[in-house]
Amino acid sequence: MGMSSVQENGHGELGLSDFPLGSKNKYKRMVSELTDYDGDDDPSHHHHQMERRRKSTRKYVFGCAVFASLNNVLLGYDVGVMSGAILFIQEDLKITEVQQEVLVGVLSIISLLGSLAGGRTSDAIGRKWTMGLAAVIFQIGAAVMTIAPSFEILMVGRILAGVGIGFGVMIAPVYIAEISPTIARGSLTSFPEIFINLGILLGYVSNYAFSGLSAHISWRIMLAVGILPSVFIGVALFIIPESPRWLVLQNRVDEARSVLMKTDENESEVEERLAEIQQAAGSTNTDKYEEKPVWRELLTPSPALRRMLITGIGIQCFQQITGIDATVYYSPAIFKAAGIEDESKLLAATVAVGISKTTFILIAIILIDKVGRKPLLYVSTIGMTTCLFGVGITLILLKQGSISIALAILFVCGNVAFFSVGIGPVCWVLTSEIFPLRLRAQASGLGAVGNRMCSGLIAMSFLSVSRAITVGGTFFIFSVISALSVAFVYKYVPETKGKSLEQIEMLFQDEYVLQGGEVQLGDVEHLVQK
């Protein structure tokens, strides 16, 4: 509690004179700034300076986003490498099948707890050091796993690694969204999603590279290699700045200003931006006394917050509940059902799935700030519904043969491609944008929890459900859920492209902005015509 009482006194002393209270003040100030600005002696010289500044801020923010996403490489690496390492662990430590499932599954469950705790932690010690903490905890876990002589100790390491990953995955998008300039926020916030996929690919590579060694050594090396990215994170912490929005929450306004100077392309915007953030933080500071703690507010939300929670947690759940993880994990089983017998061909088809998933994220990154979040979500959800339905039809109606194999591969790759173009990256971008500053970290944590829970549910139930109603039947269910997600996007997701985080918060205050669906559908048609 010590921390918050200090903060309250801090806010008490601050006095409100620092905040531009009425919006009128702000505009007056802007106008005067703009008039000062025109009186520059040489416009072309000024333009060059702007260009140079724009390049350097771009590089700087890009660097920050990459470093912040390194924790996600760990998560992906862990998922990828475990699929191969588990075979050697079983051979070396002689563990049972149940123990295997526990070992693999515990990561999802524990990273849930990490994500929940991560919100509280990042509000207390800052976004940046939470990332550092995540890396340290993960390193300890990976080191324990590397030297583990028995299943029990392996589990201890695994649990630590899970907590570290939970922290890292939750905080990266929040940090990046808070530090990015409005124009590039979408693409930068989808970095973590690419890095997860990069990690998965690295995990597969590492399986392949070290599989020749003896069972006792090989899996230990595979897991030890996972420590490397977190060493970089340690270095990065001394280079990247703290999130300016967190600094304002802590009343460290001058530090926040200097960070914004580095990340914002227009110097003239910095003050205006700072005022906006202060107002967002200020509205949270002045009510400090009758303030409910964050978690209680999340449990008994105001109407605006309820809409945010529905959007954020809903989109996270839809991302997983349409079966993306099952499609990726069990694609060999799907292709087998379609009639591919040969092992190496199965693996080749699976690699094709991995490649199409990763490639299409790049497309999303290019489009997310140009086209907007919502059109991408429409294209993505409608495309996925079609492809999932296609997989179902292929597996149920067509007899096994070259046509059904070709269609199965096409539809499965299509499904992951549509996933990566829209709901894959966009869902993380949205959850890190839509919540108000004070709740952002913890509410994003809740979203991540919904995501991991749905992922675990699907991954654990896929095989048994498809045994009961066939793989094709399962995909029909997925396509129905996916069709619901189209309706969900239409009804609950606002367009957040090109708005500052503080403006997005205002979107949810009035209900009917969200219902402006007709306009956005027009955008999609416009897109398709292009």
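What this report covers is the structure whose coordinates are included nearby. Note that the structure is a prediction, hence the values are computed from the model and not measured.

**A word on a nonpolar patch on the surface**
Argument step 1. Together, Ile125, Trp129, Leu133, Val235, Phe238 and Ile239 make up an exposed nonpolar region whose accessible area comes to about 590 Å².
Argument step 2. Assignment of secondary structure puts Leu133 in helix α5 (residues 127-147).

**Details of the packing of helix α6 (residues 151-179) against helix α22 (residues 437-492)**
Argument step 1. Where α6 contacts α22, the two axes come as close as 8 Å, and the packing angle between them is 150 degrees. On the basis of their axis angle, the class for α6 and α22 is roughly antiparallel. You can see that α6 and α22 cross each other, and the crossing is right-handed. Residue-level contacts link Met170, Val174 and Glu178 of α6 to Leu437, Arg440, Ala441, Ser444 and Gly445 of α22.
Argument step 2. The residue makeup of the contact of α6 with α22, split by class, is four nonpolar, two polar and two charged.

**Considerations on the environment of Val486**
Argument step 1. Within the secondary structure, Val486 sits in helix α22.
Argument step 2. You can call Val486 buried: its relative accessible area is 18%.
Argument step 3. Between the C-alpha atom of Val486 and that of Gly383, which follows or precedes it by 103 residues, the distance is 9.9 Å.
Argument step 4. Excluding residues within four positions of it along the chain, Val486 makes contact with Tyr378, Thr381, Ile382 and Thr385.

**Structural notes on the packing of aromatic side chains**
Argument step 1. A full pass over the atoms with the stated rule returns seven aromatic pairs.
Argument step 2. Judged by centre distance (5.2 Å) and plane angle (40 degrees), the rings of Phe488 and Tyr492 are tilted. Taken together, the residues span about one helical turn, with Phe488 and Tyr492 both in helix α22 at a distance of four residues.
Argument step 3. Overall, the relative accessible area of 10% leaves Phe488 in the buried class.
Argument step 4. Among the aromatic residues, those joined into a cluster by ring pairs are Phe62, Phe191 and Phe195.
Argument step 5. In this structure, Lys491 packs its charged tip against the face of Tyr492, placed 5.2 Å from the ring centre.

Cut-offs applied
- Residues numbered from 1 in each chain as written.
- Predicted model: local features only at pLDDT ≥ 70, side-chain atom pairs only at ≥ 80, totals over all residues.
- Heavy atoms only, no water.
- Patch = residues over 30% accessible without salt bridge, like charges linked within 9 Å, V, L, I, M, F, W, Y side chains within 5 Å.
- Areas by Shrake-Rupley, 256 points an atom, 1.4 Å probe, with all protein chains shown as cover.
- Salt bridge = Lys/Arg side-chain N within 4 Å of Asp/Glu carboxyl O.
- Helix = DSSP H or I, 4+ residues; strand = E, 2+ residues; numbered from the N terminus.
- Axes fitted to C-alpha atoms, helices over the stretch in contact; angles between N-to-C directions.
- Parallel < 35°, antiparallel > 145°, perpendicular 65-115°, else oblique.
- Left-handed = near helix turned anticlockwise from the far one by under 90°.
- Contact = heavy atoms within 4.5 Å.
- Nonpolar A, V, L, I, M, F, W, Y, C, P; charged D, E, K, R; others polar.
- Buried < 20%, exposed > 50% of the residue type's maximum accessible area, 1.4 Å probe, protein only.
- Phe/Tyr/Trp six-rings, centres within 6.5 Å; stacked < 30°, edge-to-face > 60°.
- Lys NZ or Arg CZ within 6 Å of the ring centre and 35° of its normal.

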